[in-house]
Each structure stands twice: as C-alpha cells, then as structure tokens.
Amino acid sequence: MRRKIALAVAAPGLVMALTACGALGDLRGSGGEERQAQQAARTAASGAPSQGEQAPPGTQEQARPESQASAPPQQGEVIATRQVKAGGAELTVDVTGLRRQGRLTTLSWTITNTGDTKWNMSSLMGDTPAYLGLTVAGVNLVDPVNAKRYRPARTVTGGATKCLCSEYDITTEPGEVLPLYASYAAPPPDVQKINIEFPILGVFTDVPIS
C-alpha cells in the first residue's frame, strides 16, 4: 500500500509556526513561550545555526531548498508499547522515539495491524477543522506537571496549513506496519517525561524524552 510521509519543507516566504505550549484548562502559555516556538520553527526551516538558541526577528525567513530538507526520523528501539482494538482491528502501537534536538522534539511510532481485519482509520488521527484529516496532527504531547499541551508543528503558506508530521492512507491491511512521526516545540529541559495522547489509541504516560 502506498504510504505518504509529509516532510518539513519550507519555501521562500513561508511562515512556520509551532503550536508550542497550549495550556490545559484555563491556564495560558506566556507570550515568551509563543515567541520561542515561532523562533524554533524558523530556525528549523532555514537550517541556520542556533547559536545561543537565538533567531532573527520577524515572522518570515528564506528557507533552504527542498533538496536540503531532512528526511523523516528513523524508527528506533521500542520505549513504550500497547495492544489496542480499534474499528474491529487488533493493533500494536510501539513508541520508538521521543527525541529532543534544539528547540524541537520529534515523536516516532509504529502501528502494526496484528489481526486479520482491515483497519479503517478514516481521519480520526488528524485535525479536520484545520483540513489536516489524513495526517497525525491530532497526536499531542501533554506535560501534566506544568499543565501544557504541545501540538504538532504546522506550516502556513498561501493560506494552506500543513503539518510537520506524517500523512497516512485511510486503511491499514492485516500484517501492515505503519511508521509515523510528528515534530513539536521542545518542552523545557527539566521535563524528562511526558504523556502522549493518541486519538482512538489511548494515552501513553511518562514516556521518557531522550
């Protein structure tokens, strides 16, 4: 089955924004956190050195060519796993990486259809109001200690929103392994573990950040 992976590719005039620290409940992330998230996204898009984690002012920046864009992260060893039944299918969800790099954190995981029934994911793992239904834009990181929610980074260009995360086909066949990823604004260095909210698939708690 053909699988599509969305890359973090920026173009001239592109505005990339991380939804950094959406607050839980009535709490609000500070303006400083929002600015740091936007700076991290611009730095990641341009490939410029992050000396002292500083980024130039403004909300637009020339990005490196598509040929220099990074490939999706490689799957690593399993650090958290769960067996799930969804849509009549038997699935195994393996978290294979949660890695902090500069001001970004990238989550990698696989979904394996271990049963004999096709799994119809529809748009349940995406964000349909933002027209990101067939992506994993609905997978969030949650810091319960600081009451922060992190959504996957998104790019906006020409009025269209794209997610710095995987796209997927609607159905997953029996025996198929689906590798997926999403990138987020990095939590503060003192946050060593975080919860992962998977739509339909449940919540993984206290997943270590490497």
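Calculation rules
- Residues numbered from 1 in each chain as written.
- Predicted model: local features only at pLDDT ≥ 70, side-chain atom pairs only at ≥ 80, totals over all residues.
- Heavy atoms only, no water.
- Helix = DSSP H or I, 4+ residues; strand = E, 2+ residues; numbered from the N terminus.
- Buried < 20%, exposed > 50% of the residue type's maximum accessible area, 1.4 Å probe, protein only.
- Contact = heavy atoms within 4.5 Å.
- Areas by Shrake-Rupley, 256 points an atom, 1.4 Å probe, with all protein chains shown as cover.
- pLDDT = per-residue confidence, 0-100.
- Core = buried A, V, L, I, M, F, W, Y, C linked by side-chain atoms within 4.5 Å.
- Pairing = 2+ DSSP bridges.
- Axes fitted to C-alpha atoms, helices over the stretch in contact; angles between N-to-C directions.
- Disulfide = S-S within 2.5 Å.

Caption draft 1: The arrangement of the overall build of the protein in detail. A count of helices and strands for the protein gives one helix and 14 strands. For the protein, buried positions account for 42% of its 210 residues. The long-range fraction of contacts in the protein, counting pairs at least 24 apart against all pairs at least 6 apart in sequence, stands at 63%. Per element, the accessible surface of the protein, about 10500 Å² overall, is 50% carbon and sulfur.

Caption draft 2: Local environment of the confidence of the model for the protein. The predicted model of the protein averages 74 in pLDDT, with 64% of residues at 70 or higher. Throughout residues 1-16 the model reports pLDDT below 50, and contacts reaching past four residues in sequence, or to other chains, amount to 56 contacts. Of the regions scoring below 50 in pLDDT, residues 45-71 engages in 42 contacts with residues more than four places distant in sequence or in other chains.

Caption draft 3: Expanded view of the nonpolar core. Counting 36 residues, the largest nonpolar core has Leu-107, Trp-109, Met-125 and Phe-198 as its most contacted members. When residues of this core are traced back to their parent elements, those giving at least two are β3 (80-86), β4 (89-101), β5 (104-113), β12 (177-185), β13 (193-198) and β14 (202-208).

Caption draft 4: Main features of the sheet that holds β5. Reading across from one edge, β3-β4-β5-β12 is the order of the four strands in this open sheet, with antiparallel pairing throughout. The open sheet has two free edges, formed respectively by β3 and β12, since each of these has just one partner strand. Taken over all neighbouring pairs, the strand axes of this sheet differ in orientation by 25° on average, direction set aside. Summarising the sheet, β4 and β5 pair through ten bridges and their orientation is antiparallel. Within β5, the position partnered with Gly-97 by the bridge is Ser-108.

Caption draft 5: Seen up close, the state of the cysteines. Counting across every chain of the model gives one disulfide. The disulfide bridge from Cys-163 ends at Cys-165, spanning 2.0 Å between sulfur atoms. Of note, the bridge from Cys-163 to Cys-165 carries an S-S torsion of about 135° and is right-handed in sense. Here the two residues Cys-163 and Cys-165 agree in accessibility, since each one is buried.

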